[in-house]
Structures are given as structure tokens and as C-alpha cells.
Protein chains: 2
Amino acid sequence: MQLRGPVEWALHCCAVLAGLAPDRYLPTRDLADFHGVPKEYLSKALQALSQAGIVEGTLGPAGGYRLTRAPDRITFLDVVEAVEGRAPTFVCTNIRRNFPCLTATEKSQCTEARPCAVARVMWQADRAWRDSLRSVRLSDLLKTLSTDLSPGLQRRAAAWLDEHS
Amino acid sequence: MQLRGPVEWALHCCAVLAGLAPDRYLPTRDLADFHGVPKEYLSKALQALSQAGIVEGTLGPAGGYRLTRAPDRITFLDVVEAVEGRAPTFVCTNIRRNFPCLTATEKSQCTEARPCAVARVMWQADRAWRDSLRSVRLSDLLKTLSTDLSPGLQRRAAAWLDEHS
DNA sequence: TCATTACGGATATACGGTATCCTTAAGGAT
DNA sequence: ATCCTTAAGGATACCGTATATCCGTAATGA
């Protein structure tokens, strides 16, 4: 069970976009160069963010992506689910239906409406994971970064992004 | 990001073993038949449980697997980590090191000892997931099953397992 | 001695993640 | 009006891992 590269890229891209002026668009090319990841592949993740309504893209020169709303209204869960999908981490294959000692009635009662005890526990953990991700917003990440990163680095990063507008 | 079949099988197998008499061994063959899953492949999951010290196997006729300790001393997390591994769900590729505006000093400071802000949030969610799994024991699962399943089904399941001793 | 069983290595197969390329359409600059 | 830039998304190739099976070995009890 593992989150893949695009999720990490998407989160870092959102952090960059959140630090920009609200009306500014940043193209895929710059986001890819800034993070050192393949542009064409990163583009897929950004498209997923766009479809989820987290960012919006605009065409033509000076085009690119920007956030659709303020960083305090975008959670980690929004980004993760946009790229990774909303499917639960645990899939119940309804293994109960295979029990050799089931009557036809009991077998028919093994439905998604009555999830099995194992699945309920696993889904509870899934909810705890999502709740944790939902509790952190991009604005929180920005605040953390502003103390984690030296002022010099912050200035240089902003300058680099300005040059490539 | 998805948990795979063997995890589900392992949990259900542990539930069965937990319901057995403490000194009784149940072979892979019966566990596979009872759950309707491929025996050879299930064997891999059981071996993982064995290596993790959750179950122990014994050879020869009347051999098989049994739990190494009481069901109230085995958590869901024990089982999940035994089969799925202990690797964190989010892997930080240290994307920071790719920033084009880093000095050599700053780049060298991007070490695992100082994880990046994004990874910290993802790992916090990972901990919430594991904490939730750790809070449920096999004994809790047994109790749930005893109320979920009809007395008749419980009796028939026990009888089926007895026949195949 | 023999049947049974866990254990682990080797292997085959299928699927999904990874990555790239290309075409299309749209918007801005000249 | 024309050209360049860019998002958008379809098609495709590659590779790694999950899935699944088979076999040999060793140990155990009947």
C-alpha cells in the first residue's frame, strides 16, 4: 500500500501556487522545472487537480495554473483524493460469501448494505486517515514552510518563480 | 493506494484461528477451503504471519497453524503490518533537493533527519491510520462476530471446522 | 516407513503505474 | 489576421509489482 510520485508532486505544486499572487498563472513547464520532475507526467496530475476543481488552467501565453480558492479552503485530503482517487484503501471482496456452511438466505444477506466486521474496522482506520488529512490546509503548510525555510531561500524561490513568468 | 487480497485473507484467517480451541492447529488447506481462496497463495500470507510471530505452524499430520498468543494480545495492525509490511504509506522522495535555487549547504541539509513539511503531514495521517488499527484487537472482532452472526451459522461454522480437523 | 504438512525458492502471467509523444483547441501577443 | 504558447487529453510503450502456481525440502506424527 503506497502513495505514488504524482501525489507528492501535486502537494508541492499546490504549495507553490498557494504562495503566488492570487491572480497569477504558473505553467506546467515552470512547475516541472522547479521540482525537477517530468513535465508531461506532472501534467496528468495537474489535470486531475483541475478536474477536481482545486486548480484552474488557462491557455495561451502567460497561461498556466492557479488555485481556484484561498489556501485555507483547500485541505491535504482534497489534493490527495483528486490525484489518487476516492476509492477506500481497503476493498472488501465479501469473502463471507465463500463460507461453505452458508444457507442460500445467509449468502444473499452478504451485501454491501451489511458490510462484514473486518471491513468495518478497516474502513474506520481509513476514515481516521482521511480525517487527519482533512484537518490540514494548504494555509497551514504555507505557515510551516515560512518558518522551516530560511528567509534567503524563500526570497530566492520567489525570485526564481518571478523570472519564469 | 490499496490493500490487497492477502491482507483480507489474513484477517479472516486470524478470526477463525482465534475462535478455535487454543491448542488446536488448523492446516492451510482448511483455511483456504473455508474462505474459498487459492491455497498456495494464501500460504504466503500465513507464512508472513508466522514470521511476524502472530501464528506458529507445525509440521506433519494434524499440523497447521495456531495463534501464538491470546486474541486480546493481537491487534489489527499486527496482522496488517505482518502481511503488508511496515513501510509508510507515503514515501518522501526528497523533492526539495531538486529546487533550482538551493545553495550547496541547503541541499545538504535536505536529509531524512529533517523531513520536509509535506512528508510530516502525510506521516501524521499514516500514524492516525495505524493508531486506529492498533486500537482494535482480534478479541474485539470475535465479540462483534458473535453478535453479527446468527447462532445457527456460528454452530455450523464450528462444526465444519471440526469435521476438517 | 509413509502420508501429511509447513516452508521457501523459482517461475509464469497479468495488471497497473510510469513515462513519453502527439493532436487539438484556445487564448494572448504581435 | 497570424503566430506562438499553453492546457487538455488520447494513444502508446515500458517496466515493475502484484497475483498465482508449482515444486523440492524438511519435519512430524501415525
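A. The arrangement of the side chain of Glu81 of chain B in detail. Residue and element names in this part refer to chain B. Its location among the elements puts Glu81 in helix H4 (residues 76-84). Within the structure, the side chain of Glu81 is placed 2.8 Å from the side chain of Arg130, a separation counted as a polar contact. Dropping the residues within four chain positions of it, Glu81 is found in contact with Arg86 and Arg130.

B. Quick look at the pairing of strand E1 (residues 55-58) of chain B. Residue and element names in this part refer to chain B. Taken together, the four bridges between E1 and strand E2 (residues 64-67) define a ladder with antiparallel strand orientation. Looking at E2, one finds that Gly57 is bridged to Tyr65. Remark: five residues form the turn of the hairpin made by E1 and E2, two consecutive strands paired antiparallel; Gly60 in that turn has positive phi of roughly 80°.

C. Structural view of the relation of the copies chain B and chain A. The transformation that overlays chain B on chain A combines an axial shift of 0.0 Å with a rotation of 180°, and the residual RMSD is 0.0 Å. A rotation of that kind, with that shift, is consistent with a two-fold axis. Of all interface residues in chain B, 100% are interface residues in chain A too; the two copies therefore contact each other through one and the same surface.

D. Fine view of the side chain of Asp30 of chain A. Locating Asp30 of chain A in the fold gives a position in helix H2 (residues 28-35). Arg24 of chain A is the oppositely charged side chain nearest to the buried, salt-bridge-free Asp30 of chain A, at an N-O distance of 5.9 Å.

E. View of the pattern of salt bridges. What the rule picks out here adds up to 22 salt bridges over all chains. A salt bridge links Arg120 of chain A to Asp148 of chain B, with the nearest nitrogen and oxygen atoms 3.0 Å apart. Placement of the pair is Arg120 of chain A in helix H6 (residues 117-134) and Asp148 of chain B in helix H7 (residues 138-148), with the two residues belonging to separate chains. Take Arg120 of chain A: its relative accessible area is 33%, and that puts it in the partly exposed class. We note a salt bridge from Arg86 of chain B to Glu81 of chain B, for which the minimum N-O separation is 3.8 Å.

F. Representation of the interface of chain B and chain A in the model. In this assembly, 53 residues from chain B lie in contact with 53 residues from chain A. In total, chain B and chain A occlude about 4800 Å² of area from one another, counting both sides; carbon and sulfur atoms represent 70% of this. Applying the counting rule to chain B against chain A returns four salt bridges. Among the salt bridges present, the one from Arg156 of chain A reaches Glu106 of chain B, with a minimum N-O distance of 2.8 Å. The interface formed by chain B and chain A contains 10 residue pairs in polar contact (both at pLDDT 80 or more). Listing elements by their share of the side of chain B that touches chain A, those giving two or more residues are helix H1 (5-19), helix H2 (28-35), H4, helix H6 (117-134), H7 and helix H8 (151-163) of chain B. Element by element, the count of residues in the side of chain B that touches chain A is highest for H6 of chain B, at 12 residues. Residues belonging to the side of chain B that touches chain A are distributed by class as follows: 32 nonpolar, 13 polar and eight charged.

Cut-offs and rules
- Here the residue numbers are simple positions, counted from 1 along each chain's written sequence.
- Chain letters and ligand numbers both follow the written order, the letters beginning at A and the numbers at 1.
- Where totals are concerned, whole chains, interfaces and linings use all residues; where local detail is concerned, this predicted model gives features only for residues with pLDDT of at least 70, and gives and counts side-chain atom pairs only at 80 or more.
- Side-chain calculation: all heavy atoms of the structure are included, whereas hydrogens and water are not.
- Counting from the N terminus, the helices are DSSP H or I runs at least four residues long and the strands are E runs at least two residues long.
- In the analysis that follows, any N or O atom pair within 3.5 Å is treated as a polar contact, provided that within protein one partner can donate a hydrogen and the other can accept it, and provided that, for residues neighboring in sequence, both atoms belong to side chains.
- Any two residues whose heavy atoms approach within 4.5 Å at even a single point are treated as in contact.
- When DSSP finds at least two bridges between two strands, those strands are taken to pair.
- Least-squares fitting of one copy onto the other uses the C-alpha atoms of those residues that reach a pLDDT of at least 70 in both copies.
- Categorising residues by exposure relies on relative accessible area from a 1.4 Å probe, with only protein chains included: less than 20% of the type maximum marks a residue as buried, more than 50% marks it as exposed, and the intermediate range marks it as partly exposed.
- For this count, His and the chain ends are skipped, Lys and Arg are scored as positive, and Asp and Glu as negative.
- The rule for a salt bridge is simple: a side-chain nitrogen of Lys or Arg has to be within 4 Å of a carboxyl oxygen of Asp or Glu.
- By buried area we mean the combined loss of accessible area, with a 1.4 Å probe, across both parts when two parts are placed together.
- In this classification, Asp, Glu, Lys and Arg are treated as charged, Ala, Val, Leu, Ile, Met, Phe, Trp, Tyr, Cys and Pro as nonpolar, and every other residue, Gly included, as polar.

These values are about where atoms sit, not about what they do.
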